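Per-entry structural report
Spelled out from the first residue to the last, the chains are:
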Amino acid sequence: MSRIGRMPIAVPAGVTVEIAENNKVSVKGPKGELSRVLPAEMEIKQEEGQIVVNRPNDLKRMKSLHGLTRTLINNMVVGVTDGYAKELEVNGVGYRVSKAGNKLTLNLGYSHPVVMEDPQGVESVVEGNKITIKGIDKEKVGQYAAEIRDKRRPEPYKGKGIKYADEVIRRKVGKTGKK
């Protein structure tokens, strides 16, 4: 049995979960509303303040969908109650970040500034050399953070580039001169 899949999801006060036909799950909470169509094979039930996900049989595909379905619902519940945030750091001489409206302008050593627009439902906040991406959809927050990081990945010699705040860059030793 899937360890993650069989755990019930606690629905906190102030959050309503609706399960429609074809496993369309809608979650409403203090921060907003999320809905998603989940695999039709899974059986999603709501009973006394908890959501339980069951699988019809023990085929490999059903086992993998079991844990995934439970995690997706849990991410929606956590998103509408607490929200998600990812923090990025910009390191490097002359590398700067600024924010105007919903446009994020990155100066990353290229011949031109890179301008990115915040996607729907995701907000970015700039403080010095730190970028914080906030939103209620974990997938969108992570995707936008990854797209920003891809504009200039950290390099292993000096550590210049955009990295996640909790990311550790493995440093390499540079060239040494002749003796």
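These lines cover the structure that appears in this document, whether it is placed above or below. (Residues numbered from 1 in each chain as written. Predicted model: local features only at pLDDT ≥ 70, side-chain atom pairs only at ≥ 80, totals over all residues. Heavy atoms only, no water.)

**A few points about unusual backbone geometry**
Backbone geometry places N22, a non-glycine residue, at a positive phi of 60°. The topology assignment puts N22 in the loop between strand 2 (16-19) and strand 3 (24-29). The class of N22 is exposed, set by a relative accessible area of 59%. For E48, which is not glycine, the phi torsion reads 30° and is therefore positive. Here E48 lies in the loop between strand 5 (43-47) and strand 6 (50-54). (Helix = DSSP H or I, 4+ residues; strand = E, 2+ residues; numbered from the N terminus. Buried < 20%, exposed > 50% of the residue type's maximum accessible area, 1.4 Å probe, protein only.)

**Topic: the environment of Q120**
Residue position: Q120 is located in the loop between strand 10 (114-117) and strand 11 (122-127). On a C-alpha basis, the gap between Q120 and I44 in space is 28 Å, while along the polypeptide they are 76 residues apart.

**Regarding the pairing of strand 12 (residues 130-135)**
As paired elements, strand 7 (residues 84-91) and strand 12 share six bridges and run antiparallel to each other. When the sheet's bridge partners are listed, Y84 is paired in strand 12 with G135. The pairing of strand 11 with strand 12 spans six bridges and is antiparallel. Counted as the bridge partner of V122 is G135 from strand 12. If you look at the hairpin formed by strand 11 and strand 12, you'll find two residues sitting between the two strands, and G128 has a positive phi there, around 65°. (Pairing = 2+ DSSP bridges.)

**Side note on the pattern of salt bridges**
Two side chains with opposite charge may pair up if their charged atoms get near one another. Tallying each qualifying case throughout the model produces 10 salt bridges. Between K45 and E43 there is a salt bridge, with its nearest N and O atoms 3.3 Å apart. On the accessibility criterion, K45 (34% relative accessible area) is partly exposed. A salt bridge links K130 to E89, with the shortest nitrogen-to-oxygen separation between them at 3.4 Å. In this pair, K130 sits in strand 12 while E89 sits in strand 7, placing the two residues 41 residues apart along the sequence. Its relative accessible area of 28% is what places K130 among the partly exposed residues. Residue E89 is classed as buried on the basis of its relative accessible area of 16%. (Salt bridge = Lys/Arg side-chain N within 4 Å of Asp/Glu carboxyl O.)

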